[in-house]
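Below are the chains, spelled out letter by letter.
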Amino acid sequence: MKKIAILILVLLNIGCDQISKKMVRNTVDKNDYIQLVQDNFILTNVENTGAMLGFGQSFPPLLKIILLQILPVLVLVFILINILRKTHLNKWLIVAFSCVIGGGIGNLMDRIAFGSVTDFFIIKLGFLKTGIFNMADVSVTVGVILIFILSMRHKNLQF
């Protein structure tokens, strides 16, 4: 039952990411700047050929494939296999790792299929302004924050 729950959580993360990206690709023109909530929540459509915040955009093609496709696939498969094998993982840790895996796969699917990742959200709150991000980034970020919180609260947490 645990393995099915993990796979469902991973697929839900991938599905939310891929559906949202497809909607943006089909309805928002490239580099549009649509204010959804004044100037605080912006919808746009940017293709990122690098990783987070454009890291690696200027890398040579072979290095991009190695660092942004092959290495992430290996890491995500390793994490997935390990959480599927573990029998006594904390349920919140399972949710956290499922978010990281699902978000990572969502962005990998874009990189492999399109050569870039569709990013489309910007949040501005006072002096705080995010880079442009997507739902896969949200999944990975939520997963990593949850892993951090769990590891701080439970010193004997089993990974």
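The coordinates are above.
For clarity, every value in this text was computed on a predicted model and none was experimentally measured.

Counting secondary structure elements, the chain contains four helices and four strands. The secondary structure elements of the chain, listed N-terminal to C-terminal, are α-β-β-α-α-β-β-α. The C-alpha atoms of the chain give a radius of gyration of 17 Å, which matches the 15 Å a tight globule of 159 residues would have. Expressed along its principal axes, the backbone C-alpha trace of the chain runs to roughly 45 × 40 × 25 Å. Residue pairs in contact within the chain that sit at least 24 positions apart in sequence constitute 63% of those at least 6 positions apart.

Attention now goes to the side chain of Thr118. Within the secondary structure, Thr118 sits in strand 3 (residues 117-125). A polar contact is formed between the side chain of Thr118 and the side chain of Glu47, at a distance of 2.7 Å. Ignoring sequence-local partners within four residues, the contact set of Thr118 consists of Lys21, Val24, Arg25, Asn45, Val46, Glu47, Asp110 and Asn134.

Turning our eyes to something else, we now look at the environment of Gly102. In this fold, Gly102 is placed in helix 3 (residues 91-114). A relative accessible area of 0% means that Gly102 is categorised as buried. On a C-alpha basis, the gap between Gly102 and Ala136 in space is 7.3 Å, while along the polypeptide they are 34 residues apart. If we ignore the near neighbours within four places in the chain, the residues touching Gly102 are Val10, Asn13 and Ile14.

When the terminal C-alpha atoms of helix 3 are compared, their 34 Å separation across 24 residues agrees well with the 34 Å that a helix rising 1.5 Å per residue should span. You can read the cap of helix 3 off the contacts: a side-chain oxygen lies 2.6 Å from the backbone nitrogen of Trp92, and it is on Asn90. Looking one or two places after helix 3, you find Gly115, whose phi comes out positive at around 80 degrees.

What follows covers the pattern of salt bridges. Per the counting criterion, the structure on display carries five salt bridges. A salt bridge links Asp17 to Lys21; its shortest N-O distance comes to 2.9 Å. Placement of the pair is Asp17 and Lys21 together in helix 1 (residues 2-27), with a separation of four residues, close to one helical turn. Residues Asp39 and Lys124 are paired through a salt bridge, measuring 3.4 Å at the closest nitrogen-oxygen approach. Linking Asp39 in the loop between strand 1 (34-37) and strand 2 (41-48) with Lys124 in strand 3, this pair joins segments that are 85 residues apart in sequence. Residue classification places Asp39 among the partly exposed residues on the basis of a relative accessible area of 33%. Within the structure, one salt-bridge network assembled from shared partners comprises Asp17, Lys21, Arg25 and Asp110.

What counts and how
- Residues numbered from 1 in each chain as written.
- Predicted model: local features only at pLDDT ≥ 70, side-chain atom pairs only at ≥ 80, totals over all residues.
- Heavy atoms only, no water.
- Helix = DSSP H or I, 4+ residues; strand = E, 2+ residues; numbered from the N terminus.
- Rg over C-alpha atoms; globule rule 2.2 N^0.38 Å.
- Contact = heavy atoms within 4.5 Å.
- Polar contact = N/O pair within 3.5 Å; in protein donor to acceptor, adjacent residues only side chain to side chain.
- Buried < 20%, exposed > 50% of the residue type's maximum accessible area, 1.4 Å probe, protein only.
- Expected span 1.5 Å × (residues − 1).
- Salt bridge = Lys/Arg side-chain N within 4 Å of Asp/Glu carboxyl O.

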